[in-house]
Amino acid sequence: MAFPSNFIWGVSTSAGQIEGGAYDDGRTASIWDTFAQKEGKIFGGHTPTVACDSYHRFFDRDIHNLLGLGVNSYRMSISWSRVLPNGIGQLNDKGMDYYKRVFEALNTNGISPNVTLYHWDLPQVLEEKGGWANRESIEWFGEYAHKMFSSFGDVVPMWSTINEPIATYIGYAHGAFAPGHTDEKLGNQARHNILVAHGKGVEAFRAVGPAHSKVGVVIDIWKRHALTDSPEDRALVMDQDERNWKFYCDPILAGRYSDYLLEHLEREGTLMHMEPHDFELTSQPIDFFGLNVYNRVMVSQNQQALADFSQGGNFMNNRSEYYPKAVYDAIHLLHDLYHINCPIYVTENGTYFEGDEPVGPSGMIEDDDRIRYVKGFLEWLERAVDEGFDVRGYYLWSLMDNFEWPAGYNSHFGIMSTDFENGTTTWKKSAYFYRDFINSIRNGR
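Criteria and thresholds
- Residues numbered from 1 in each chain as written.
- Predicted model: local features only at pLDDT ≥ 70, side-chain atom pairs only at ≥ 80, totals over all residues.
- Heavy atoms only, no water.
- 1 Å grid on protein atoms, 1.4 Å probe; cavity = no way out; pocket = protein on both sides within 12 Å on 5 of 7 lines; lining within 4 Å.
- Points joined across faces, edges and corners; volume = space filled by probe spheres on them.
- Helix = DSSP H or I, 4+ residues; strand = E, 2+ residues; numbered from the N terminus.
- Nonpolar A, V, L, I, M, F, W, Y, C, P; charged D, E, K, R; others polar.
- Axes fitted to C-alpha atoms, helices over the stretch in contact; angles between N-to-C directions.
- Parallel < 35°, antiparallel > 145°, perpendicular 65-115°, else oblique.
- Left-handed = near helix turned anticlockwise from the far one by under 90°.
- Contact = heavy atoms within 4.5 Å.

## With respect to the layout of surface pockets
Okay, step 1: What the largest pocket holds in volume is close to 890 Å³.
Okay, step 2: Lining the largest pocket are 35 residues, with W222, Y294, S320, Y352 and F413 sitting closest to its centre.
Okay, step 3: Broken down by secondary-structure element, the contributors of at least two residues to the lining of the largest pocket are α8 (166-174), β8 (297-299) and α14 (303-309).
Okay, step 4: Tallied by class, residues from the lining of the largest pocket come to 20 nonpolar, 9 polar and 6 charged.

## Re the packing of helix α16 (residues 368-386) against helix α17 (residues 429-442)
Okay, step 1: Between α16 and α17, the least distance of the axes is 8 Å, while the angle of their chain directions is 30°. Of the possible angle classes, the one that applies to α16 and α17 is roughly parallel. Crossing handedness for the pair α16 and α17: right-handed. Residues D368, R370, I371, V374, K375 and L378 of α16 form the contact with α17, whose participating residues are K429, S430, F433 and F437.

## Some points on empty space enclosed by the protein
If you roll a probe as big as a water molecule over the atoms, it shows you where there is empty space left.
Okay, step 1: Applying the stated criterion across every chain yields a total of 4 cavities of 30 Å³ or more.
Okay, step 2: Of the voids in this model, the largest cavity is the one considered here, and its volume is about 90 Å³.
Okay, step 3: At the level of elements, α1 (15-18) and α2 (31-35) are the ones that each hand at least two residues to the lining of the largest cavity.
Okay, step 4: By residue class, the composition of the lining of the largest cavity is 5 nonpolar, 4 polar and 5 charged.
Okay, step 5: In this structure, the second largest cavity spans a volume of roughly 70 Å³.

Keep in mind these numbers describe shape, not what the thing actually does.
Have a look at this one:
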């Protein structure tokens, strides 16, 4: 059995990483625009001000690349501050018109838009009011979501409320992401609020009720694996799982945080404020689950053993372990632990190269590691489909090299390279691989 004929094949991007046009046509700064201005926060002092310039180049570059790949869906996000410069209130006509034209171009060309409302780029004006740590953020997001669903619900068939809410925790607790705070309790409050905001978004979607559209959420699962079978390593797996992907999956798929997590946060003095009805919002039924999966995480109390393991042979050039079974494991986990009863889409999967990628004799970037990686993940994904799991699509991250958050323009995830000086893109070997793979599936291999 192969992938079904109606399987979705796509690529993923996000507004904050590709659009640029940071201050054009009424858009105001996001927290990443502000964060990038702080010394030492972004590799090389890079900023997302121009990025891939997709705000100006989507219609004469990006759409043609998508058509060339043969994908039938494109996952993207809306820049909140482009459509709502004040975060709430009056819509920005020029920003709204941009997305209207993007959706029209995609639909006209048979490429279904899969749109994320929040991919990490909170308007700076809202951060100045406390950002996600302010409980009012739940209402801010609900208003934003309602406006987007009301405006575009009939032309966008798939919506995700939030992408990877763990990024909010990193930004408020550890300072590595925008907005750069370093307060554990603040981080826990921010990530709790964003989960409730997800629920507020689902509530807004149901209220608008677009007839031919679905709503979901996107969570990244990096399953912890113990390096040894020692009690200490097994305990570390449990603790890190609870504090990472389970923190987000539990309220959405199980309607509560675990007793383990609540007891530990209470003991540590970092427990967030929660309202009685929060979990009624977080656990509303969703139409699909967006799974971002890149790898597993090995853990051990023995740091030297862990370091020795990371020098092993099953690693790629970027020193990431090659473990394509991670996607199969994550799909099993969602069913075994949560008995998930909605379709799963792999909304992100890919790998990166730091610095200059290898160029072959013909001048093409020969990213063989990426091809090996994607091919391996697709083999395990197909196995999950063969076993009957309801997986309906795969989106490769990413269409092109872009602004990779703190790594700036030094980490390349794209299957196309981007010249950030002139905005041109060039296909890598992996882009041809992905195009040919999609064609082979459609032609029955």
